[in-house]
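# Observations on chain architecture
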Amino acid sequence: MNTRHSGTLLIILIVFITTLLLLSAKSDGSLGSTNILLLGAQFLGIIGAVLFSLSFVLSSRARFVEYLFDGLGDAYKVHHITGAIGFIFLINHPFLLVLKAFINGSSTAMYLIPVGPVSYSYGIYAIYFLLTLIVLTLFIKLPYNIWKVTHTFMGASLFFALLHVLNIESDVSRNMVLGLWVEFFLLAGGVAFIYRLFLYKKVTGTYLYKVGHFSAVGEVFNLTLFPEGESIKSSVGQYAFLKVLNNKQVSKEEHPFSIVEINEMGGIVFSVKKIGDYTRTLGNLKSGDKVEIVGPFGIIHKKLDAHPEPVFVAGGIGITPFVATVEEALASGKKVYLYYSVREPAEALYDERFKELAEKFSNFKYKLWISNTRGKIGAQNIQQDINDLSKKFFFVCGPKPMMDSLKKQLREKGVKSDDIYMEDFTLR
Amino acid sequence: MITKVLTKVILVNLLVVAAMLGVIIVKSSRDAANASETGGVTTLLADIEILKKDITQLEEMYSSTSSPAEPQAPVVEEKTAAVPTPAPVKAAPPPPDNRCLITVKGNRYDVTAYRKRHPGGDIFKCGSDMTSAFNDQHSSGILKKMQQYMVN
């Protein structure tokens, strides 16, 4: 079933209904007599509050969010967009009120400093929290783990926004339906915030593992973890968030990694490329280190079930989610294509394994693509083997520019965007 | 892509808001300075003094009516009569009206008690017609709620 746009459509619908409710609250004829700046401020405040609340739900990592947005990658993208638009609306909400007061010649202070009525002060606190945290997010590049702590304080902004809406004498207090509607979303944002902070690990599943094998191959190392207690149950192509607990040389951040496979001994295998600050420090891992795993996430296995002719395109370390997936697809008799692009042959992890599979399964077409000699892999290279691209389903995982460019090329070759699934790990 | 565009929009938005707020704050503080030069604050202090005198007058008025020779009951009667309509007390000059009365859409409202509870703060300019300010902030439905404060 295609759910690709259902989450986004739901948000647009919510914004639309909110606008209608605000207009109906003005249907007593006060719409015409309301000051245009006040009307604008009300619109921005109400829609902004709803979008701001929804951005909390989107980053909650709740299962239904993953389902509605076709993966957490897209959910986080929409989280950024609703958060940013919500912020633009909310920052202009008091600004229009200041402008109105200024034009009317009345005091602007009550909208700027929390000295006036408490209902206004709540709103002012909410805005100042939001302003500080958005500036930290967008314009000051803090280290990830410090930024993450600051971002948690968005909850304080949401809390004050709720108090503001509950106390303010306005259409939200006079019109019960509009009031309940807006308060519902603010509360939902609050619930999502509490879920993410206190319940998410327990509900999702948290497992304690320790480092077993650890072998480095150039820039990549393979990591096998063994369960200390209960082991994680994952489907092919899924990923989990890893956090190293007791190694002082590795920062205590959590990062998502694809589960390459779970071996016969219950060991869970990850392949990690040293591309960022964090992945480089992971090189300091030692056998016996404790690792907390939260997951699994990912919907590749669901997409795979629904499509008989999958085409996998991997770039570099982007091969990790496809190793077990390809094997499962072959085992279930699907016709499978795998394009694996690396800069040089030495970088091709699992190449031997794929070659063996290609010998064993006639329904498997495997192509290793060396980009240093052949250039970047493009849709036309895939088209040489597959006549009708529009009948296939594409799984793409690799560096962001590669994924973006391939998606564009495939779309130009007539592949529907619903038939391209990109595994994107910029989850924050 | 969209996020980058939105980040730029936010930056421009913040700069515009900051610049305009700067202008507004500078202008407001200048106005305030001018007002104090022409006696804005002094007038306010004078008003407070007048009010204080009024209160003392009223207090004196009440204490004079409750002379020790009189029995208790009539005093209460006179007090209750005196508070809402000071006019019947003929001997004393009519005391000033301490109530805060405002006019909205042709009706007068006594907001003396309500002004402290008003969610939008004590923004009342007593004795003035506040219809336009009211219209700016409220829907007309709220006028029904205000009926309890209506006087005339």
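The model shown is predicted, which means the values in this text are computed figures rather than measured ones.

### Comments concerning the overall build of chain B
If you tally the helices and strands in chain B, you get 5 helices and 3 strands. Across chain B, helices and strands are ordered from the amino to the carboxyl terminus as α-α-α-β-β-α-α-β. In chain B, buried positions account for 26% of the 152 residues. Pairs at least 24 apart in sequence give 56% of the contacts found in chain B among residues at least 6 apart. Carbon together with sulfur atoms contributes 64% to the accessible area of chain B, which is approximately 10500 Å² in total.

### Some words on helix 11 (residues 176-204) of chain A
All names here are of chain A. With 29 residues, helix 11 extends just 36 Å between its outermost C-alpha atoms, more than 12% less than the 42 Å of an ideal straight helix rising 1.5 Å per residue. Taken as a whole, helix 11 carries its principal kink of about 60° at Phe-198. Of the positions making up helix 11, those classed as buried are Leu-178, Gly-179, Val-182, Glu-183, Phe-185, Leu-186, Gly-189, Gly-190, Ala-192, Tyr-195, Tyr-200 and Thr-204. Capping the start of helix 11, Asn-175 holds a side-chain oxygen 3.1 Å from the backbone nitrogen of Val-177, two or three residues further along.

### Focus on the interface of chain A and chain B
Contacts between chain A and chain B engage 32 residues on the former and 27 residues on the latter. Together chain A and chain B conceal approximately 2600 Å² of surface at their shared face, both sides included; 69% is due to carbon and sulfur atoms. For the interface between chain A and chain B, the tally reads 0 salt bridges. Where chain A meets chain B, there are 1 residue pair in polar contact (both at pLDDT 80 or more). At the level of elements, helix 2 (30-33), helix 5 (72-104), helix 6 (109-112) and helix 7 (118-138) of chain A are the ones that each hand at least two residues to the side of chain A that touches chain B. In terms of residue count, the dominant contributor to the side of chain A that touches chain B is helix 5 of chain A (14 residues).

### Observations concerning the pairing of strand 7 (residues 290-297) of chain A
In regular strands, side chains alternate between the two faces of the sheet. Residue and element names in this part refer to chain A. With 7 of 8 residues buried, strand 7 lies mostly within the body of the structure. Relative to strand 7, strand 1 (residues 206-217) runs antiparallel, the two being bridged by 5 bridges. From the neighbouring strand, Thr-206 faces strand 7, where its bridge partner is Val-294. Bridging between strand 3 (residues 239-244) and strand 7 involves 5 bridges; their strand directions are antiparallel. Residue pairing across strands places Val-244 opposite Val-291, the latter belonging to strand 7.

### Quick notes on the pattern of salt bridges
Residues and elements named next belong to chain A. If you walk through the whole model with that rule in mind, you get 24 salt bridges over all chains. Here Arg-196 and Glu-254 are joined by a salt bridge, their closest N and O atoms 3.5 Å apart. Residue Arg-196 is located in helix 11, and its partner Glu-254 is located in the loop between strand 3 and strand 4 (255-258); the two are separated by 58 residues in the primary sequence. Ionic pairing is found between Lys-408 and Glu-412, a salt bridge with its closest N-O pair at 4.0 Å. Linking Lys-408 with Glu-412, this pair stays in helix 18 (residues 400-412), spanning 4 residues, or about one helical turn. Overlapping salt bridges, with partners in common, bring together Lys-26, Glu-169, Asp-171 and Arg-174 in one network.

### Quick look at empty space enclosed by the protein
One way to see where empty space is left: roll a probe the size of a water molecule over the atoms. Residues and elements named next belong to chain A. Summed over the entire model, instances satisfying the criterion amount to 5 cavities of 30 Å³ or more. Reported here for the second largest cavity is a volume of approximately 60 Å³. As for the second largest cavity, its lining consists of Val-220, Lys-273, Gly-316, Ile-317, Tyr-340, Glu-347 and Leu-349. By residue class, the composition of the lining of the second largest cavity is 4 nonpolar, 1 polar and 2 charged.

### What to know about the confidence of the model for chain B
Residue and element names in this part refer to chain B. Summarising the model, chain B shows a mean pLDDT of 72, and 66% of its residues fall at 70 or more. Across residues 67-87 the pLDDT falls below 50, and counting only partners more than four positions away or on other chains, this stretch makes 6 contacts in the model. Predicted as a complex, the structure gets a pTM of 0.75 and an ipTM equal to 0.77.

### Some remarks on the sheet that holds strand 10 (residues 364-370) of chain A
Residue and element names in this part refer to chain A. Pairing is parallel in the open sheet, where 5 strands are placed in the order 10-9-8-11-12. Bordering the open sheet on either side are strand 10 and strand 12 (420-422), each of which pairs with just one other strand. Each strand axis lies, on average, 15° off the axis of its neighbour in the sheet, ignoring direction. The pairing of strand 8 (residues 310-315) with strand 9 (residues 336-342) spans 5 bridges and is classified as parallel. Within strand 9, the residue paired with Val-313 across the bridge is Tyr-339. Here helix 14 (residues 322-331) sits on the sheet and contacts strand 8, strand 9, strand 10 and strand 11 (393-397); the angle it forms with strand 8, its principal contact strand, is near 160°. Contacts from helix 15 (residues 351-360) reach strand 9 and strand 10 within the one sheet, and its direction differs from that of strand 10 by about 145°.

### With respect to the nonpolar core
All names here are of chain A. One finds Leu-178 and Leu-186 to be the most contacted residues of the largest nonpolar core, which totals 74 residues. With 16 residues, the top contributor of residues to this core is helix 5. When near neighbours in sequence (up to four residues on either side) are disregarded, Leu-186 contacts Ala-49, Ser-53, Leu-158, Ala-161, Leu-162 and Val-165. Judged by nonpolar contacts, the second largest core, of 30 residues, contains Val-260, Ile-299, Ile-300 and Ala-314.

Reading the values: rules and limits
- Residues numbered from 1 in each chain as written.
- Chains lettered and ligands numbered in written order.
- Predicted model: local features only at pLDDT ≥ 70, side-chain atom pairs only at ≥ 80, totals over all residues.
- Heavy atoms only, no water.
- Helix = DSSP H or I, 4+ residues; strand = E, 2+ residues; numbered from the N terminus.
- Buried < 20%, exposed > 50% of the residue type's maximum accessible area, 1.4 Å probe, protein only.
- Contact = heavy atoms within 4.5 Å.
- Areas by Shrake-Rupley, 256 points an atom, 1.4 Å probe, with all protein chains shown as cover.
- Expected span 1.5 Å × (residues − 1).
- Bend = angle between axes of the 7 residues up to and from the residue.
- Polar contact = N/O pair within 3.5 Å; in protein donor to acceptor, adjacent residues only side chain to side chain.
- Buried area = accessible area lost by both parts, 1.4 Å probe.
- Salt bridge = Lys/Arg side-chain N within 4 Å of Asp/Glu carboxyl O.
- Pairing = 2+ DSSP bridges.
- 1 Å grid on protein atoms, 1.4 Å probe; cavity = no way out; pocket = protein on both sides within 12 Å on 5 of 7 lines; lining within 4 Å.
- Points joined across faces, edges and corners; volume = space filled by probe spheres on them.
- Nonpolar A, V, L, I, M, F, W, Y, C, P; charged D, E, K, R; others polar.
- pLDDT = per-residue confidence, 0-100.
- Axes fitted to C-alpha atoms, helices over the stretch in contact; angles between N-to-C directions.
- Core = buried A, V, L, I, M, F, W, Y, C linked by side-chain atoms within 4.5 Å.

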